[in-house]
Amino acid sequence: MVLLHTPVCDFGLPAPDFDLPGVDGRRWTRDAVRGPAGLLVMFICNHCPYVQAVRERLVREARDLAALGIGVVAISANDPADYPEDDFAHMQAIAREFGYPFPYLFDESQQVARAYGAVCTPDFFGYNRALELQYRGRLDASGRQPAPAGAVRELYEAMKQVAGTGRGPAAQLPGMGCSIKWKAQGN
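A.B. asks: Hey, could you go over the overall build of the chain for me, with residue numbers and the actual values?
C.D. replies: A count of helices and strands for the chain gives six helices and ten strands. Over its C-alpha atoms the chain spans a radius of gyration of 15 Å, differing by no more than 12% from the 16 Å that the globule rule assigns to 187 residues. Across its three principal directions, the C-alpha atoms of the chain cover 40 × 35 × 30 Å. Taking all contacts inside the chain whose residues are at least 6 apart in sequence as the whole, residues at least 24 apart take part in 79%.

Structure follows, in structure tokens:
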């Protein structure tokens, strides 16, 4: 496991489009998942301990953000040949087990993850209604530990601000997680 930190937010960067299969049997595009107030794109996977530690909080944040008009989508881009827990069947099982209220998509070619510049799981990209990047920070201060009582919901608060003002917070702390498991070149 390689621990990586996300880069600083590149404010205003447009959200790349995508068309990916979801665990629900549908194909999803960026415009199909965006909300009237913005979009949160999360790169996650099944096997990463950083993601495993926050699954329940991802569900809570997605539900609360939906109420603010923020669409939420999760994308897994890990290579299942090397990480079988991240294959499509396991994605379907995890989505059911945790009751994901957002589309969970498979980026088999890894082109979408590359287009976004995703580096780790989890990696959060928060966009305003014009699909301009406004947040590239962490979920909260917990990392891969349980969230302490009273932990600030950094992602939620940032996206709440984006929904209300169209702008993310100037100060953002980078997220952290396991490196995305890229396919060998030529695959």
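A.B. asks: How would you sum up the pattern of salt bridges? Please name residues and give values.
C.D. replies: Inspection of every chain in the model, using the stated rule, returns nine salt bridges. Residues Glu61 and Arg60 are paired through a salt bridge, measuring 3.2 Å at the closest nitrogen-oxygen approach. With a closest N to O distance of 2.6 Å, Asp64 and Arg153 form a salt bridge. With Asp64 in helix α3 (residues 55-66) and Arg153 in the loop between β9 (133-135) and α6 (154-165), the pair connects residues that are 89 residues apart, well separated along the chain.

A.B. asks: Provide a residue-level description of the sheet that holds strand β10 (residues 176-179), including the pertinent values.
C.D. replies: Strand order in this open sheet of three strands is β1-β10-β7, and the pairing throughout is antiparallel. Here the strands that pair on one side only, and so sit at the sheet edges, are β1 (3-5) and β7 (120-121). Pairing of β1 with β10, which is carried by three bridges, proceeds in the antiparallel orientation. Bridge pairing in β10 places His5 opposite Met176.

A.B. asks: Requested: an account of the environment of Ala141, with residues and values cited.
C.D. replies: Take Ala141: it is sitting in the loop between β9 and α6. Between the alpha carbons of Ala141 and Pro16 there is a distance of 28 Å; along the sequence they are 125 residues apart.

A.B. asks: Quick rundown of the side chain of Asn78? Include the residues and the values.
C.D. replies: With respect to the helices, strands and loops of the structure, Asn78 is situated in the loop between β5 (70-76) and α4 (88-98). The exposure class assigned to Asn78 is buried, which follows from its relative accessible area of 2%. For Asn78, the side chain forms a polar contact with the side chain of Asp86, separated by 2.9 Å. A polar side-chain atom of Asn78 sits 2.9 Å from the main-chain amide nitrogen of Lys181. Setting aside anything within four residues of it in sequence, one finds Asn78 in contact with Cys45, His47, Asp86, Phe106, Gln110, Ser179, Ile180 and Lys181.

A.B. asks: Give a detailed account of α6, specifying residues and quantitative values.
C.D. replies: With twelve residues, α6 should reach 16 Å at 1.5 Å per residue; the first-to-last C-alpha distance of 16 Å fits that figure. Packed against the buried residues of α6 are β4 (38-43), α3, β5, β8 (123-128) and β9.

A.B. asks: Describe in detail the sheet that holds β4, supporting the description with residues and values.
C.D. replies: In a beta sheet, neighbouring strands are held together by backbone hydrogen bonds and run either parallel or antiparallel to one another. If you trace the three strands from one edge of the open sheet to the other, you get β4-β8-β9, paired in antiparallel fashion. Unpaired on one side and paired on the other, β4 and β9 mark the two borders of the sheet. Along the sheet, successive strands turn relative to each other by an average axial angle of 35°, direction set aside. One ladder, built from six bridges, connects β4 with β8; its direction is antiparallel. Each bridged residue has a counterpart across the sheet, and for Gly38 the counterpart in β8 is Asn128.

A.B. asks: Help me get a handle on α3, residues and values and all.
C.D. replies: Side chains three or four residues apart in an α-helix point the same way, a direct result of the helix having 3.6 residues per turn. Between its first and last C-alpha atoms α3 spans 17 Å; for twelve residues at 1.5 Å apiece the expected length is 16 Å, and the two agree. The set of residues buried in α3 consists of Arg55, Arg57, Leu58, Val59, Glu61, Ala62 and Leu65. Along its buried surface, α3 packs onto β4, α2 (49-52), β5, α4, β8 and α6.

A.B. asks: So what's going on with the packing of aromatic side chains? Which residues, and what values?
C.D. replies: Enumeration over the complete set of coordinates arrives at nine aromatic pairs. Between Phe43 and Phe125, the ring centres sit 5.7 Å apart and the planes meet at 80°, which makes this aromatic pair edge-to-face. Placement of the pair is Phe43 in strand β4 and Phe125 in strand β8, with a sequence separation of 82 residues. Phe125 matches Phe43 in its accessibility class, with the two residues each being buried. Between Tyr116 and Tyr127, the aromatic rings sit 6.2 Å apart at their centres with planes inclined by 80°, giving edge-to-face as the arrangement. Here Tyr127 lies in strand β8 and Tyr116 lies in helix α5 (residues 111-116), a separation of eleven residues in the sequence. Aromatic ring contacts, followed pair by pair, group Phe18, Phe43, Tyr116, Phe125 and Tyr127 into a single cluster. Taking the ring centre of Trp182 as reference, the NZ or CZ of Arg114 above it sits at 4.1 Å.

Definitions and cut-offs
Residues numbered from 1 in each chain as written. Predicted model: local features only at pLDDT ≥ 70, side-chain atom pairs only at ≥ 80, totals over all residues. Heavy atoms only, no water. Helix = DSSP H or I, 4+ residues; strand = E, 2+ residues; numbered from the N terminus. Rg over C-alpha atoms; globule rule 2.2 N^0.38 Å. Contact = heavy atoms within 4.5 Å. Salt bridge = Lys/Arg side-chain N within 4 Å of Asp/Glu carboxyl O. Pairing = 2+ DSSP bridges. Buried < 20%, exposed > 50% of the residue type's maximum accessible area, 1.4 Å probe, protein only. Polar contact = N/O pair within 3.5 Å; in protein donor to acceptor, adjacent residues only side chain to side chain. Expected span 1.5 Å × (residues − 1). Axes fitted to C-alpha atoms, helices over the stretch in contact; angles between N-to-C directions. Phe/Tyr/Trp six-rings, centres within 6.5 Å; stacked < 30°, edge-to-face > 60°. Lys NZ or Arg CZ within 6 Å of the ring centre and 35° of its normal.

Fair warning: the whole summary comes from geometry, so function is off the table for now.
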